[in-house]
Structures are given as C-alpha cells and as structure tokens.
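Coordinates in review
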4 protein chains.
Amino acid sequence: MSSQFGVLFRVATWGESHGGGVGVTIDGCPARIPLAPEDIQADLDRRRPGQSEIVTQRAEADRCEILSGVFEGRTLGTPIAVLVRNTDARPEAYREMEHAFRPSHADYTYQAKYGIRNWQGGGRSSARETIGRVAAGAVAKKVLRTHLPAFETVAFVQSVHRIEAQVDLGSVTGAQVEQSIVRCPDPEASEQMIALIKQMRKEGNSVGGVLSCVIRGVPPGLGEPVFDRLEADLAKAMLSLPATKGFEIGSGFAGCLITGAEHNDAFEMREGHVRTATNRSGGVQGGISNGEDIVFRVAFKPTATILRPQSTVNDQGQEVQLAARGRHDPCVLPRAVPMVEAMAALVLCDHWLRQRAQNMT
Amino acid sequence: MSSQFGVLFRVATWGESHGGGVGVTIDGCPARIPLAPEDIQADLDRRRPGQSEIVTQRAEADRCEILSGVFEGRTLGTPIAVLVRNTDARPEAYREMEHAFRPSHADYTYQAKYGIRNWQGGGRSSARETIGRVAAGAVAKKVLRTHLPAFETVAFVQSVHRIEAQVDLGSVTGAQVEQSIVRCPDPEASEQMIALIKQMRKEGNSVGGVLSCVIRGVPPGLGEPVFDRLEADLAKAMLSLPATKGFEIGSGFAGCLITGAEHNDAFEMREGHVRTATNRSGGVQGGISNGEDIVFRVAFKPTATILRPQSTVNDQGQEVQLAARGRHDPCVLPRAVPMVEAMAALVLCDHWLRQRAQNMT
Amino acid sequence: MSSQFGVLFRVATWGESHGGGVGVTIDGCPARIPLAPEDIQADLDRRRPGQSEIVTQRAEADRCEILSGVFEGRTLGTPIAVLVRNTDARPEAYREMEHAFRPSHADYTYQAKYGIRNWQGGGRSSARETIGRVAAGAVAKKVLRTHLPAFETVAFVQSVHRIEAQVDLGSVTGAQVEQSIVRCPDPEASEQMIALIKQMRKEGNSVGGVLSCVIRGVPPGLGEPVFDRLEADLAKAMLSLPATKGFEIGSGFAGCLITGAEHNDAFEMREGHVRTATNRSGGVQGGISNGEDIVFRVAFKPTATILRPQSTVNDQGQEVQLAARGRHDPCVLPRAVPMVEAMAALVLCDHWLRQRAQNMT
Amino acid sequence: MSSQFGVLFRVATWGESHGGGVGVTIDGCPARIPLAPEDIQADLDRRRPGQSEIVTQRAEADRCEILSGVFEGRTLGTPIAVLVRNTDARPEAYREMEHAFRPSHADYTYQAKYGIRNWQGGGRSSARETIGRVAAGAVAKKVLRTHLPAFETVAFVQSVHRIEAQVDLGSVTGAQVEQSIVRCPDPEASEQMIALIKQMRKEGNSVGGVLSCVIRGVPPGLGEPVFDRLEADLAKAMLSLPATKGFEIGSGFAGCLITGAEHNDAFEMREGHVRTATNRSGGVQGGISNGEDIVFRVAFKPTATILRPQSTVNDQGQEVQLAARGRHDPCVLPRAVPMVEAMAALVLCDHWLRQRAQNMT
C-alpha cells in the first residue's frame, strides 16, 4: 500500500537506488491514448542526475522501457509498466552508512520500522524512486491533454534560501522555466540562485527553497467534498515527495493575515462563464475546482546530505561522527520541478476520471 | 469514495447541515476497547456550536448515539456507527443562497460538479460534517491510548490574524488549552484574540489564523515510505478540513531559510534511546516517525460567511448582490482545535494498525 | 474494511441483530437520480421477516429512513445513509448461546477472531446485516435503470433440497417469481417446495437449495480483465451472503462434462449486433460482459439453526448439548432472492461507473 | 484497479502475451523474510509451458528476475518487483485473430470495452498473465510458512471431463500430486486423464474439469465478517483465473441435498482444541476460518482454443469462419494447479496480515 497512489489512475512505484532498477506500473489508464517512450523520456530528462553543473553528478541516462500496456503506439487500457535500470550504482560510496544513521535522512526510521534496510544509496528512500512518479506523470499529462487540450502544469523555483523570484503566475510558461538550469523564470533571481548553489556545493553545505506551481485548463467540478478534496490530495501528493516540509494553496499562510471581507473572491461573469475577480482560493472551493488556475507552493528543506562531519549514532547505539561521501544535490529544487508537475498531473488525472465516473452527462 | 478516510481504521462520514442528521461509521476498530458514548461526547462538546460567545449560536446539543459495534461497554471489532441528529435547522435562513453563489463558499463548485446541491446551510460542505470526524477521532484516541499509553494530541490556536501566541511546544497541555474559550494557551494572546473576534462579529467581518498541533507518545516506525508518508497523510487530513489553506511540519516554510548544516537534526543517545538533539524534522524522517514529538501547523482562512453585501452571480448567470444571514463563526479556529486533533488521531491510529500488520514481531 | 463493498459505488453496512439498528451508507452514487424511501422499501419488504408462513416470524416492519444524500427527491451525489431500527429484539431467547457455540454458526469463529462477540441473535453475523445490502441494491437498480433502461435482475429459487424447478431463463419475470411465497416461478415445484419447508419447520429441521439469477440489459464492455472480472466480483458478492456454499456462471460445473467443440459460443450477427448463438459463457467472456444475459447460480446450505439438541462445546472448552430457541427460517432461499438481486445490482453498478471513468467516449 | 489484488499484501500484475514481458509487484510484504529467485522459480516451473507432452509447447523458460525489495537474501518491506521476459513470441501465428473474434475468448469483449486490443496471443487475456500471480503466490507461501509453519496448500486435478479421481483430502500431499504430469494423485485416474487429453489434442478438441484444493495449518480467526469473508475472497480469487466457471467450498452444491440436521458440523474438543466432528463447512464459518482444513473446488471449462473451423464474426461485423493456429493447452488443469495454490496463498496471506493489524494481542 505504501507505494501506490490514486483511486482510478493508480500508479505503483518500486525500486531502490542500488538494485535492478526502478519503475512504475500505471493501472486504469484510458485506452487509445497515443503514447511513445519519448513522451516519458522528456520529463525523465528534466529529472535525471547530471543534467547540469548544479545537480548531482551520478551518471544515469535514465532511459525508460515501456514493457506493457501500449500497442502500435496507443494505450491498451491495461497496465503500463515502465522500467529504468540503475547503471551507475556505487554501493561502496555508502559503506559508512551501513551502520551509522545519517542525520535527517531515513536511515534510522527505516531501521526502526523494518528491522532491515538497504543502506546503499538510501535504498527505497532515494530520490531515484521519483523516476516512477515522473514517468507516470508524463502519461497522466498525455491523457489529460488528449481530453482537456488547455491542461498544463507549470512549476518553477520561487525561492532558494533567501533569494525570492518575481514571477507572474498568469503568464509564466514552461519554456521560460526551462531556460534556467535552476528552473527559475526570473533571470536575475536565477543567476543569484545558481551562484548560491555553487557556493553551497563548494562549502559542502546545502540549501532549500520554495517551488510554485500553476495548473491551467482544469474545468470546474474536479475534486471531491470531504476527505478527497483537491487541495487535500495535492497536499498529500506534494508532502509525499522527498525533502518537503510544507504546502499552501492560494492565499496560504499569508491569507491568515487579512480579514474575510478582504479575502473572499467575488464571483462575476466573464465571457459567459462564472469566474472569480481574485483567486485567493487558488482555484479550489469546498475541495472542488472552480475553473480558475490552481496555484500552490511547496517548501523543500535543505538537502540532508552535506559533506561535513556530523554527530550521529550507529545501529549499536554508539555515538559516532559521520562524514558523507556519495554524490548529491546541494539543492533539490531544480530537479524537483518535474516531480511536482508529475504529482500534480497524477492528482488531476485521477480526479478527472472520478468525475467522469460519477457525474458525466 | 469522497467520504472515506484511512486504510485499516477506516471512517466514513455522511450527512448534510439540514437533513436527518450527520454521522460516521468506523470500520476496522480493534475489539475489546472500552468505549462509551461519553468518550465521544467529550470531544463533540469541544466542537459544538454555541459553546461560547465567540462561536456560532446555532443551538445544537450534538448528542451522539452509538448504534452498533459496541457490546457491554467494549468494541466488538465490527463497524461502529454513530448518529447525531440535526435539531436546530433553519433552512429559511438560507433562502437567499438557493440561487446565488456565496463567494469563497462551495455553492458554485457543488453546482458545477453535481448539477444539484442542498443549499440549506451549505449542505454537505457545512462544518457539521466534521461531527463524524471528531466522533471517529475520539475512538481513535481511545484505541491508541489503550495500546500506547503515552499517546496524546494537543492542538491549540497559534495565531489569529496578526496576534501570535508564545507557547512552549514541549510542555503545553490540553488542560491549558481548554482554559481559554479561543483555545490559545498564552493568556495574554488569548485575551487579544477574543477581543478581536468579538470586534469582527460586531463588524460582520471574519478572521483566520494558524493552529499548532503536537503529538506525543508515538513510537518510531509509524508511517510508510513513498506515498503514504506520515506527513503526507497528515497534510491530506488537515487540508481536508474546511477553510484550510496550508500545512507545514517541523521547520516548515521557515526551514527553507537556513542551510543544511544548520537544519539537520543530529542523532544522540538519551536514556538508551536514539533521539535527535533538535526537532526540525518535526518527528518524521523519510515519512516515518522517529520517536520525537510530531509537530505541525495548519493555516485556516478567514470565515467566508460575512454579514456584508457582496458581489456574486446566481445560477442563471446574473450578477447579483448577496448579504448572508444565518449563524456563523467569525473565526473558525477555536472549534477547529478538536477537528485537527481528531484528524491527527485518525492518521496515527491507521498507521499504527498498518505497522502492526506488516512489522509486528 | 470488512464491511465495505465496491470501488466507485461503495457501500458500507453496519449493525447487529440486537442493538440500535442496522444500516448502510452509499458513497459515490451519481447525482440527480430520483430516489424516495419507497424505492428502497419495496425490496426491504421482500427481504423482511414475517412476510409469509414459511419464513421466520420475527416481527420487524424494517421501515427505512434516508438520513442524507437526497434533496427534494433526487440524489445529491453525496453519501446516502439509510437507517432501519431493530424493534423486535428478544435477547433473552439467545441466552443459551452466551457461552455455547451453535454448530455451523459463526459463534465460535467470531470469538476466536475478536475475543468478544455479541451473542444476541448472532450479532453481526445475523441475516439482518443484509438489510443494508438490499437497501443499497435498490439504489443501484435505480441508478442503472435511469441510465440503462433495459437493465433488470431476476433471481428465483431453482431448487429446494431435491425439488428442482423448470424455468425458462429467457422469459422468466420478477412478477412471476413474486407470485409464489417461496419465490419459485414453476407453480408445481413451488407447491412442493412450500410443503417441504413447512414439514421441515414442523420437524425442527431445515433445508437448502439453489438460486438462479439472470441479469438483462447489460451492455458489452463491463467488467475488468484479471482480478476484477465480472464473474469474480459476482462470485465474491454471492459468497459474501450468509449460508452460501457455491457459485457457478453460465455452464458452470456441468460445463466440465462437454468438450470445447461443444462448449464454445459461436459468434453471429443479429439485428446488427455481435451476439452469441449459445450462452454457455453466461454473458461474460474474459471477465467482461458480452451483451448476452448474465446467468449464474448460487448454492445455499440448509439453515444452521435447527430446533433439535446438538452436540457442541462452550467457551470454557466443555462439551455440552445445545437446543436452539429463537425464531429462524427453516429455509433461507425465499428471502435470499432480493439479497442476490441486490448484490448483483451492486456489482453491475460499480462496474458501469468504472467503465464510464476509463472508457467513455 | 483491474490488475490489483489484496488489501495489505497487495499484488499488481502487468504484461501481455507478446510484448516486453510480464511481471508483478508485491506491496506490503513483511520485512526480513528469506527470499531467493529459486523460491519463485520452483512454482513458475510448475506453471510454465512445455513442461510435459500434454501442455502447450510454447518454449518459454520463464526465468524470473527480482528487481527490488530484497537485500542480501531477505525482504526489505518495500515493493518486490518480479520480471519475466517473453522470449518465444510468434505474433504471426495470431494474424487471423487480428480482425476475427475467437469464440468464447476475450477478443470481442476487449474490443467492446477498450476500442482497441493487442491481438497477439490474446494480449492481456493470455494465461501468461498468471505468471505474476504464481510468482506473488510463491512469496505469500514463504511469508506464511515463516510465521505459520504448518501452512500448506495442496491443489490437484479432481476430474477431467467425466473421469473422476478418488483422493483422500486429509492425507494428499504435494509430492503425490507432482508425480503425475496431469497433477492428479490418483494413479489410475491420472492415466486415463492423460490418455484423454492426448486424444483431445489429436482431435483438435479440448476438455475441462475440476480442481480440488486443501489448505492446512490456518489458525482460527482469519477472514472477515460480511463482504470480505474468507470464502468470498477465495471465490473471487478463483473466478479471476482464466477459464473458471464455478467455485464451491465444503459441502458446496451437494450440501443442498441434505437437511440441516445432517449438514451441521458438531463441535467437540480434541487435544484441547475446539474442533468439528465433520467438515461440511470447509474450514470457514461466518466467513472466518475455524481451524479445520479449508477445502474448495474450482470448475475449469474446456479450453476455448480448438483447432477446428468455427463460425464467428469479425470487427467489421461480417460472419466468417476461423480456424485457430497457435500453441495451446488441450486441457488447462495441469498448469492451473500452481495458479490455484498461488491465489489461495495470496488470500490467506492478506487475511493473516489483516488479522494481525486488528486483533493481535
């Protein structure tokens, strides 16, 4: 159960950092959607290590193989299995972690939970697990775009440490985001972020930051009352990504600082449609999309792996010092952009199918 | 599906604001847990309207009836159904909303989703739905305390609008919280909050704020890798509550402003246990509890119902003015405290059962 | 989990024989379906005790109350909660079973599983639990008939003990079935069955038999490959009913006695549709409906409650004699007819929604 | 959803007959269970084509690769992914089926459901899909045997066409079953069955039959009241296998022919345990195991693929004649034995985990 997501568009990931590979199975995908490995590879390339000088240098091409569910270029409606082999595994680089628990990593909690762990590269807690999510997200995007042509997700780096970007949510495009290796569409902030990340790498330190995401082209009516509210499922999706510490939608935490009279989004008619004059709701009201852009932000902590000696304990209960080796990202945000988009697409695709089931006319 | 929560401790709520009542069924509860209606009523009383001068004055005693699943004072292991009748329904007070959509409410989105809605008191989107959650949460607490005696959840009002409380997370108790009708354990801030809420009511306006919650007595090992991380399920649980806009765990959004060297929680041995020197992780690492207190915050927007004329549209696509009547809370936070605790207990109880299933020794 | 059924049209029953009552919540029902208590009551009346001289004489009117999910005569899309109070409870009649385990009942296994049981009237294992199923099935039928006007389920008693009815599956109607209190549409067999059941009652003995069910008006394409095949879900639905021992679809066990050349259903064109010349497949091929009538049979064992002394043991591990009191059915089949129809409707409604989600055009 | 099975021990299969391969992911497996590819391969070898002269001659070694979830010979608690490549694919042998629907196969229903199908070798409806089930079942057996040392499943061929075996359910062993290529432990019946199957192959015809299965070493208390009764989940598991038409547990359909006084299983004390004098219940009462052997039977129809011209229609709605080529089993029962055992193990393992979660002491 721990590795499944979605009710109708159900994805299940598997795999460890060091082992046969990682992958995903997608069950419930509508049939007859055009799908080629390239559709998936494009997003995997945005996620893969080694893509720029500010990310981890682990050399993985992350080429995907579609093992099932596609026939003559179209989906069959049956499970789509995607496999990515691990090729540049270096277990020996993690030998120090065989017994010592890395601070703010999952080593200790996995050991406490299971009584066993694959210490090579973090095992299942490695960010390599997100390959399956990004692959599935690419399929979800394809499905949604086929049926909702205006659908798109644009995530970008809003801030790194104290550097904050100025970005217009209404107009920002994926192409603008991709022009920067840090995936911040504000050129000035982008430069500062890149410089800071390089400095952190040099210092063996790390930084975090905030991602923004805008989802466009979602019709009114997606999302469920009560537990499976759209923002609840988005929050879960985002907080399920490694290194996340917070989620806010629309006005978010800042919305607490104004009164109801200031906060409410007045309805109005625009081009024959019910619209809101402002979007403090973030595109969701009562758990259900209202047709406005869905906008949210996700906080990522500074990478736990730092190249400095740290105090910790080992699996014998002894206090020890640990200095990480291994390759890592001094800042996870650039590579988190496709992950956030993928999870957003999974949530929307699932809710779109659920809405078709219950309320199609 | 929209009204169910949990994998093994599965709760399903039902009911609208105006109708036969509201309730919940709990499936999967362990057998032989002592349970009486009073166990549930205590938390319902903390949630009910009319409990103080700063909340809605709808007169509902919210007396619960346990219809099944309990025999001679102990749970049977079979579904526990709990019923609370609606008694003080005043549908006529909502007649204006029969056709006009209240801004930042769920009226429009329910109509868009279902093509029909119960406009009386907000129907299913009413906060009365949370009665079922609070009732189920009371049962979850009982289960957890029976097996994990140190388990407790303490939620409190951290801030209202710009008034911020000073509270020590390590020592705050539920009794302290309950001494204040606004449920803020900082007496000075509490007084200011109460005054502000009274002023808002007088002005027909509303305010929001932030709740903090600390969960104690959780052993290491609860939570699942990947999608069902403990913080992911907590985030979903909290964002599924009405009026929520954000969630953060441990260092949260502020954690983005420090570096990894500052952020990491060093492990150390204390009284023979692996502990962390700091708790920026918020009690969860890699999605799994590490034995430290679980600490998180939830943002609640200002109540959407304000007693002032607002611009909106009706179900004929006409722009109209709407002035709400009906009884409402000028600030939802005091009554949200038991809701947040209930949802936290549901998440923890479910994960505790999951851990028993897979990893008991 | 034990009390939930269905993926999208999800029903959850609750309640014990002696207690506050029994009921069901239906989550995921499409909106705007006309629904009144009478729609549900009609099927409950076919299930209720005391309806004829050959069934148990427990005096329960089984009047249902719809507590939520319906507004002005139409479904809201939100959970529909239905409550039926227990009124003629006589716990004292079961005092003998407080400690002794009735043979071939669930007393011992509930005790072994939970370490506790409600011994009054069988508690959760009572056939009263099926009230919730029949109520939910009535809603499912209403949904399906609204969208698939030709949909109908006709179940009837095929055999009691060694008395076998001759019934034409292609033409049998529900009205014909209801003309007989034993619900067998073959008048001659019906008379013999009634006589046998009366004799069994007089002797304090009981009999079982076989129900047949035909489902008409199902379009091709419902059901899923692999685990959620239509026949698999029907088998589970039927074997989840009390006292069932077997299920077969189409040619069933007898199909093993002919060769493939004799067994295969040749395809042909009829009135522009792909049809089969014979229907040994029973309306399902590869787990998916092919547009033919779905036909299956269910075996019900003789009622376990007999009014004769039987050897058993008690909860102290002592061998004792037990003579049942309490009211019971000498043959469960007449009242099982609406149960089988209800479960069939639940399966079909769920799969119809699933098909809409994935494969609507 | 269509390709997932189990609540806590959740398996998801994927793959088509002709494509990258077939496989399975197992989520929720307990940690620290010793597991090697050989544990899985042993059961795959009992399932694989070409194992004897009476089964299909498709040349597949069906070697499995464990891609994840195992570390240094023990399970990690994380998803176990297993891959088997397709090697002897001959799509050209199925060219006739590109447009014509094979009678009593899934060709037409897949086309009706999805509007597309992989016609090569039956695509997803091929029995190759069961490789994933058998692999997962092997893991389930390993888990159960680790914790319940007496657990075992013994399935065998009870009948082929009109040839019925005489087998003692109490003493039959897996080793006896494996001595016969038809997997019937009655040597005389086995010889007759083999002769009949060879004759059918020669005639281009096919036969079906009945499998029996006995499950030993199951403690009392597994299974859930109401919908997830043990026999309901077993029925679903078995009817989800290709070519199945019926399921019966304990006395089954024959139990309808005796009275309650004859049918009831009297309780008695044996060696300090509550036992039943007879086992017409088949090891399950009220949906829950009672500690006796669980015994059930499954009907398999004659193989739909026969090497004779048959009347059918094509995807243009034209009536045509079709003569199958391709390799096939003239009788599926010998290879179905490990499939039935695997599905039984999956059901039991899932319910054992569920029982641990709710009712461990």
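What you see is a predicted model, and the numbers here were worked out from it, not measured in a lab.

**Some words on the relation of the copies chain B and chain A**
Rotating chain B by 180° about the axis while translating it 0.0 Å along that axis superimposes it on chain A, leaving an RMSD of 0.0 Å. The relationship between the two copies is best expressed as a two-fold rotation axis. The fraction of interface residues of chain B whose copies in chain A are also interface residues reaches 100%, indicating that both copies meet through the same surface.

**Observations concerning the pairing of strand β7 (residues 80-84) of chain A**
All names here are of chain A. Counting buried residues in β7 gives five out of five residues, a clear majority hidden from the surface. Alternating positions in β7 separate into two faces, I80, V82 and V84 on one and A81 and L83 on the other, with burial throughout. With five bridges connecting them, strand β3 (residues 22-27) and β7 associate as antiparallel partners. Each residue of the ladder has a partner; that of V22, found in β7, is V84.

**Focus on the environment of A342 of chain B**
All names here are of chain B. For A342, the location among the structural elements is in helix α8 (residues 333-359). Between the alpha carbons of A342 and M238 there is a distance of 9.9 Å; along the sequence they are 104 residues apart. Setting aside its immediate chain neighbours within four residues, A342 contacts D43, R133, V134, A136 and G137.

**Examining the relation of the copies chain C and chain A**
Superposing chain C onto chain A requires a rotation of 180° together with a translation of 0.0 Å along the rotation axis, leaving an RMSD of 0.0 Å. When the interface residues of chain C are mapped onto chain A, 100% of them are again interface residues, pointing to one common binding face.

**So, the interface of chain B and chain A**
Residue-level contacts link 91 residues of chain B with 91 residues of chain A. Looking at the side of chain B that touches chain A residue by residue, the class counts come to 38 nonpolar, 36 polar and 17 charged. When strand β11 (residues 244-249) of chain A meets strand β11 (residues 244-249) of chain B, the two strands line up antiparallel, connected through three bridges. Bridge pairing in β11 of chain B places G246 of chain A opposite E248 of chain B.

**Quick word on the interface of chain C and chain A**
Facing 14 residues of chain C, the contacting portion of chain A comprises 14 residues. Within the side of chain C that touches chain A, the residues separate by chemical class into seven nonpolar, five polar and two charged.

**Remarks on the packing of helix α1 (residues 37-47) of chain C against helix α8 (residues 333-359) of chain C**
Residue and element names in this part refer to chain C. Across the interface, α1 lies against α8 with an axial gap of 7 Å and an inter-helix angle of 140°. Viewed along their axes, α1 and α8 adopt a mutual orientation that is oblique. Judged by residue contacts, D43, R46 and R47 of α1 engage R335, V337, P338, M339 and A342 from α8. A class-by-class count of the residues in the contact of α1 with α8 yields four nonpolar, no polar and four charged.

**Examining the confidence of the model for chain A**
Close inspection of predicted coordinates is inappropriate for parts of the model with low pLDDT. Summary statistics for chain A give a mean pLDDT of 95 and a share of 99% for residues scoring 70 or more. Both scores are available for the predicted complex, with the pTM at 0.98 and the ipTM at 0.98.

Reading guide: rules and limits
- Residues numbered from 1 in each chain as written.
- Chains lettered and ligands numbered in written order.
- Predicted model: local features only at pLDDT ≥ 70, side-chain atom pairs only at ≥ 80, totals over all residues.
- Least-squares fit on C-alpha atoms with pLDDT ≥ 70 in both.
- Contact = placed C-beta atoms within 7 Å.
- Buried ≥ 20, exposed ≤ 12 C-beta atoms within 10 Å, placed from the backbone.
- Helix = DSSP H or I, 4+ residues; strand = E, 2+ residues; numbered from the N terminus.
- Pairing = 2+ DSSP bridges.
- Nonpolar A, V, L, I, M, F, W, Y, C, P; charged D, E, K, R; others polar.
- Axes fitted to C-alpha atoms, helices over the stretch in contact; angles between N-to-C directions.
- Parallel < 35°, antiparallel > 145°, perpendicular 65-115°, else oblique.
- pLDDT = per-residue confidence, 0-100.

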